[in-house]
Structures are given as structure tokens and as C-alpha cells.
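Chain by chain, the residues run as shown.
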Amino acid sequence: MSTNSSGGFTKEMARNIFYGGSLFFILVFVGLVFHTERTIPERSNEAAMTEAVVRGKMVWEQNNCIGCHTLLGEGAYFAPELANVYQRRGGDASGGAFIKAWMKAQPTGAPGRRQMPQFNLTDGQLDDLVEFLKWSNGINAEKWPPNIEG
Amino acid sequence: MTHNPILKYQSQAVAKPYFIAAIGLFVGQIIFGVLMGIQYIYGDFLFPAIPFNVARMVHTNLLIVWLLFGFMGAAYYMVPEEAETELYSPKLALVMFWIFLVAGALTIVGYLLVPYAKLAEMTGNNLLATMGREFLEQPLPTKVGIVIVALAMLFNLSMTYLKGRKTTITTVLMLGLWGLALLFLFSFVNPHNLVRDKMYWWWVVHLWVEGVWELIMAALLAYVLIKTTGVDREVVDKWIYVIIAFALFTGILGTAHHYYFIGLPGYWHLVGNIFSSLEPIPFFLMTMFAFRMVQRRRRDHANQAAVLWAVGCAVMGFLGAGVWGFLHTLSWVNYYTHGSQLTASHGHLAFYGAYVLVVIALISYAMPTLRGRIANSHKAQSLEMWSFWVMSIGMGVMVLAMTGAGILQVWLQRMPTSGAMPFMAAQDQMMFFYWMRLGGGGVFLIGLVMYLWSFFVGGAPAEESLGTPRRGGLMPSPAQRRLKHD
């Protein structure tokens, strides 16, 4: 990149490489995403995505759970990972019951400890949330997290 | 509007309120950041008045909004001068300023005073559910407001651009701003399937900060450097295109490093390992570019503070986005670090180095001119430059603390195949680093106060020293080196 602009690598060449190359990489990216789209139903077990799961996602979003927790590693890092919480708390045997009891018992009020607000969810909303977390536990996330603690 | 003899085009003055709002919201962002730093140690601090999730939402949303104010102000300031014509409609720019400020303020007040679920209900989230996703927590009316403000700005600036001189800087800036606005439309895409939701969510988040925002950053940096060093445009233009070519060639497919563990196919690991490893290149080029410009400068601009912010931005951006990003971008590393305090350390240094500093560099250059002088007094500039160092050291301490916390977290909670420590137990072990992070945050806040103070330090404006060797400054220019040898 010398100041000498006669011959050699010019601004016009740099500009054309930018436009041409960017277009190329956008097309490759969109192509890959297009292919990925077709794998999502199987990888996420979309068949098990009931209406309760969809409503549970709404409960998750409308209470800003992501503001403290992570879900598949994304979110805030103040509170535990929840994509696998259903399994961590006992799976089909006790996972659902644990999550509901936990939500109802908040906040603990233990002095100096991190506190989770009381969201006053109805039983129906809690059931939906459990269904959503149960479903998210089944997503094929390439064996992440490394262990049950998330 | 009174006539400002320093401004080449009087309509550039619309940038001033944008910059003032940006700095004001920056202060709010840092206050909530420190608050969370305390909550990491005393978990029940200010609970239930300001729960952590609310503080975090305010912290991150203020960051985004103030950077947008900064970008917009920068564009309104730069485009008329580059295009050599007055802004198409200064009035529209001012109206949009007030709309954006009021919408932003109402949103923050809403976060703080209304439970989030209630806010969602009040603002029509059941009509089109877009809320409750990280960084995109804004209620629907706010999101629509952002689109309107962005489109009005693009219309205004594009009309100005089209009727005037088209420089590389404004072309790249406009590309970046159009990309920003178009990609934001994906914030309205929220599929029921969480995996699909996450995939498109990154089209806003990643393709902003590791894509089109880099175009904006390159344009702002190049503008400040051209103005303060007097280096030939032909050289600068070539640099810009090479930098942004690398930014998009690596950044677009670099999105793959977010697709490792969210339910998408394994081939994204290969794509991410290759392309996101190359993402430091554009940031490294920006560092080289900044130093090269300063070394080859043809003038010693009276505003040396702006030069410091610009060079500082290039260096810290490389460290934060480049080095700290590379640290955990490889899939087999990210397998253990994904969603840990390491992620937070990278996020902080990258945003500070690349985007906070580039906006401040532009404000540092533009604000004195908007106040009717080429540069602030030596005393004011000195305080401003000290504030750079204090903020950067504070941020450095924070980032090292979060890195230490993250490594410990990975060691205790992620690496063990059996008997791994539960999340909250591991957090207790990380307390030393959380104190260190809070200390760094306190230093940062002091630096910020110094920065604010520098706007109120008076004195005669600094003048450009012509011909004579100047004391201080960043590096001897070739001319000065020659003088020594003669």
C-alpha cells in the first residue's frame, strides 16, 4: 500500500474486490443458511413443539428470563443455564415439579444472595414454561453443554 | 442558529444535540454497569427495586442507543462536509433527534418502573412478539420508532450524498448505515422455534457489530485521521476498501462462531473455525492504518486529543474485538467458554475499543468546531487525554478480572466430566475477580467524570504549530525526524 499510485494496487482495484468479494460471501452465507433451515425441524425435534411449548417461549420472553439466565449459552451470565435445567433437576421424574416449585418459592430473601423476582405466573403459564424447557432440553446442540451443570 | 465561522456548512450543527445526548446516555450506561458490578458481589443489592435483569437491560440498551446517537451525529456532521453541500433537511434531523430521545427515554423509564411482562402487554407484544430477547428487549413501538428514525436519517443523508461530492468515506459510511437499518428489520423476526429464532437474531447482533458497524467505524476513523493528519485521500481510500473488504469477507461467514452450540448443523464449526479466526485481520489493519497515518502526517493539528482517541480506538479495538475475540472463537475452545464470563470480557473490551472510542474520537474532533473553535485549550485537551488513559486502564482491569473469572468458571464448572461444580457454587469461588471488576468499573467511572469535566475547562483554544518542532504528541513525523538528522 504505497503512496505511489502509478501501476500496482489501486483504489479502484481495492473497491472492486470489496464489492465483488462481499457479494460472493453474502451468497455463500445465505446458501448455507438456506440449507441449515431444512435441518432445523429434525435437529430441534419440531414435531414435539406443541402449542404449550410455543406459549412457554412467550412466557420466557415476556418475563425477560434472558436478562439473568443463559439459554443454550446465550443471555446474561448472572444465573444458571436453563436449556438443560429440566434434565438437571431430574428429567421426567421430577424436572417439571422442581421448576414449578422453584418459581413459586422466589425470592428466597437470603441476605446477600442473588435474588430471583417473583413473577406471579399462573399454573397454566408455569406448565407452559416447563413444556418449553423440556423441549429445549431435546435440541441437538452438538453435545453442549459439556456437563449437566451447564 | 447563529453563524458558526468554523463550520464549513452550517447544517453540520444538527450533530451537536446528538453528541450531547450520546454522552448523557453513556453516563447512564456506566452507572447501571457499576450497579450490576455491585450486584455480582452483594446479590440482593437494590432488590427488588432494580432486579439484575432490569439493570442489565438498561445497561445494554443505553449502550446501543447512545452509540446510535453517536453514529447519527457523526453522519450528520460528516456527510455535508464531505459532500460539500448543506444537509438536505436540518429540520428533519432535529425532529428525528427529539423523537429518538423521547422514545429512548420512555423505554428506559418503562423498564425501570413497569414490570417487564406488564410492559409487554401494554405495548402490543401479543400482536407481534419481538420482546424478551437479549439486546432486542425494546417494546414494539420503540422498535418501530428506531426504524422510522433510521429511515428518515437515511433519506436525509442519501439526498445530501446524491446532490454532492461522493467520497469514499461517505460511500462507506452510507453503506454501513443502510446495512445497519436493513439488518435491524430482523429484530421483527421471531420464529416460534427457538433454534430458528436464535439463528436470525444473530443477523442483527453479529452482522451489526462484526459486519456493517465496522464499515461505519472505518469511515469515522478515516475521517478523523484525514482531518487531523492531512494525509492524501488516495492513500486513505485504498486503506478503507482493504479494511472493509477483510471485515466483510471474515465477518459474514464469521457468524458461524455463534452457530456452534445453538442447535445448528456441525458444519458451522468448520466455517467458524476458518473465518472467525481471520476476523482479527481487519482490526489489525485498522491499527496499522492509524499508526501509518499519524507517522506520515503532513500537519500537526491543534486537536491532538482527537488523534489520541482515534489511535486508541484502533489499538483497543484490535485487542478487544481481535485478540479477545480470537481467544474463544475456535469451536473446541468455545465448547468450554460459551456463555461464561470470558464472553463478557470480550464483549466489554470489543464494544469499548471499537465503538465507544470511535464515537468519542469523532465527538472529540467535531465538538470543539460545533462550539466555534478548531480545538479546545491545551488544558482541556490534557484532561481529555488523561480521561482516555483512566477509562482505558479501568476497562483493562475489568476485562482482566472477567477473563480470570471466566477461566476459573471453565475450570470448576465446565471442564470436569464428573462432579462439576454447580453454577452458583462456582460463582462464589469467583468473588475475588468480581471485586477486581468492580474496582475497574470504579476507575472507569472516574475517567468518565474527567471526560465530562474536560468539556467545561476553559482557556484559549490551542493553535496548530506550523513549521516548528512541537513538543509532546504521539510520534515524531518524518519531517521532524529529518530535522534531527540535518
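What you are looking at is a predicted structure, and each value in this text was computed from that prediction instead of being measured.

## Focus: the overall build of chain A
The helix and strand inventory of chain A stands at five helices and two strands. Scaling as 2.2 N^0.38, a compact globule of 150 residues should have a C-alpha radius of gyration of about 15 Å, whereas chain A reaches 23 Å, well beyond that. Evaluated residue by residue, chain A yields a buried proportion of 51% over its 150 residues. Considering only intrachain contacts with a sequence separation of at least 6, the fraction spanning at least 24 residues in chain A is 52%. Element-wise, carbon and sulfur atoms account for 58% of the exposed surface of chain A, whose accessible area totals about 7100 Å².

## Quick look at the overall build of chain B
A tally of helices and strands in chain B yields 17 helices and zero strands. For chain B, the C-alpha radius of gyration of 23 Å lies close to 23 Å, the compact-globule estimate for 486 residues. C-alpha extents for chain B along the principal axes are approximately 70 × 55 × 45 Å. For chain B, the proportion of its 486 residues judged to be buried stands at 65%. The long-range fraction of contacts in chain B, counting pairs at least 24 apart against all pairs at least 6 apart in sequence, stands at 82%.

## Overview of the environment of N193 of chain B
Mapping N193 of chain B onto the fold places it in the loop between helix 6 (168–184) and helix 7 (194–229). Considered as a pair, N193 of chain B and R56 of chain B are 137 residues apart in the sequence and their alpha carbons are 25 Å apart. With residues up to four places along the chain from it excluded, the contact list for N193 of chain B reads I40, S44, E46, M49 and W135 of chain A. At 2.8 Å, the side chain of N193 of chain B and the side chain of E46 of chain A are in polar contact.

## As for the interface of chain B and chain A
Contacts between the two partners involve 91 residues from chain B and, on the opposite side, 73 residues from chain A. At the boundary of chain B with chain A, total buried surface from both sides reaches about 7100 Å², with 64% on carbon and sulfur atoms. The tally of links from chain B across to chain A stands at six salt bridges. Put simply, R113 of chain A and D428 of chain B hold a salt bridge, and the shortest N to O gap is 3.3 Å. Applying the counting rule to chain B against chain A returns 38 residue pairs in polar contact (both at pLDDT 80 or more). Ranked by residues supplied to the side of chain B that touches chain A, first place goes to helix 8 (residues 233–254) of chain B with 13 residues. A per-class count over the side of chain B that touches chain A returns 53 nonpolar, 23 polar and 15 charged.

## Re unusual backbone geometry
Of the consecutive residues W144 of chain A and P145 of chain A, the connecting peptide bond is found in the cis state with omega at 0 degrees. Cis peptide bonds are those with omega within 30 degrees of zero, and the linkage from F47 of chain B to P48 of chain B qualifies with 5 degrees. Residue position: P48 of chain B is located in the loop between helix 1 (15–39) and helix 2 (52–83).

## Points about the confidence of the model for chain B
Low-confidence regions, as indicated by low pLDDT, have predicted coordinates that should not be scrutinised in detail. Of the residues in chain B, 95% reach a pLDDT of 70 or more, and the chain-wide mean stands at 95. Of the two predicted TM-score estimates for the complex, the pTM is 0.95 and the ipTM is 0.96.

## Looking at the nonpolar core
In terms of nonpolar packing, the biggest core is built from 202 residues, with W208 and W213 of chain B touching the most fellow members. Residue contacts for W208 of chain B: discarding those within four places in its chain leaves I64, L180, L183, F184, W203, W213 and E214 of chain B.

## Examining the confidence of the model for chain A
Averaged over chain A, the pLDDT score is 95; the fraction of residues at 70 or greater is 95%. Every residue in residues 1–5 of chain A is under pLDDT 50, and counting partners more than four places away or in other chains gives nine contacts.

## Brief notes about the packing of helix 1 of chain B against helix 2 of chain B
Residue and element names in this part refer to chain B. Interaxial distance between helix 1 and helix 2 falls to 8 Å at its minimum, and their mutual angle equals 160 degrees. Taken together, the axis directions place helix 1 and helix 2 in an arrangement best described as roughly antiparallel. As for the relative orientation of helix 1 and helix 2, their crossing is left-handed in sense.

Reading the values: the criteria
- Residues numbered from 1 in each chain as written.
- Chains lettered and ligands numbered in written order.
- Predicted model: local features only at pLDDT ≥ 70, side-chain atom pairs only at ≥ 80, totals over all residues.
- Heavy atoms only, no water.
- Helix = DSSP H or I, 4+ residues; strand = E, 2+ residues; numbered from the N terminus.
- Rg over C-alpha atoms; globule rule 2.2 N^0.38 Å.
- Buried < 20%, exposed > 50% of the residue type's maximum accessible area, 1.4 Å probe, protein only.
- Contact = heavy atoms within 4.5 Å.
- Areas by Shrake-Rupley, 256 points an atom, 1.4 Å probe, with all protein chains shown as cover.
- Polar contact = N/O pair within 3.5 Å; in protein donor to acceptor, adjacent residues only side chain to side chain.
- Buried area = accessible area lost by both parts, 1.4 Å probe.
- Salt bridge = Lys/Arg side-chain N within 4 Å of Asp/Glu carboxyl O.
- Nonpolar A, V, L, I, M, F, W, Y, C, P; charged D, E, K, R; others polar.
- pLDDT = per-residue confidence, 0-100.
- Core = buried A, V, L, I, M, F, W, Y, C linked by side-chain atoms within 4.5 Å.
- Axes fitted to C-alpha atoms, helices over the stretch in contact; angles between N-to-C directions.
- Parallel < 35°, antiparallel > 145°, perpendicular 65-115°, else oblique.
- Left-handed = near helix turned anticlockwise from the far one by under 90°.

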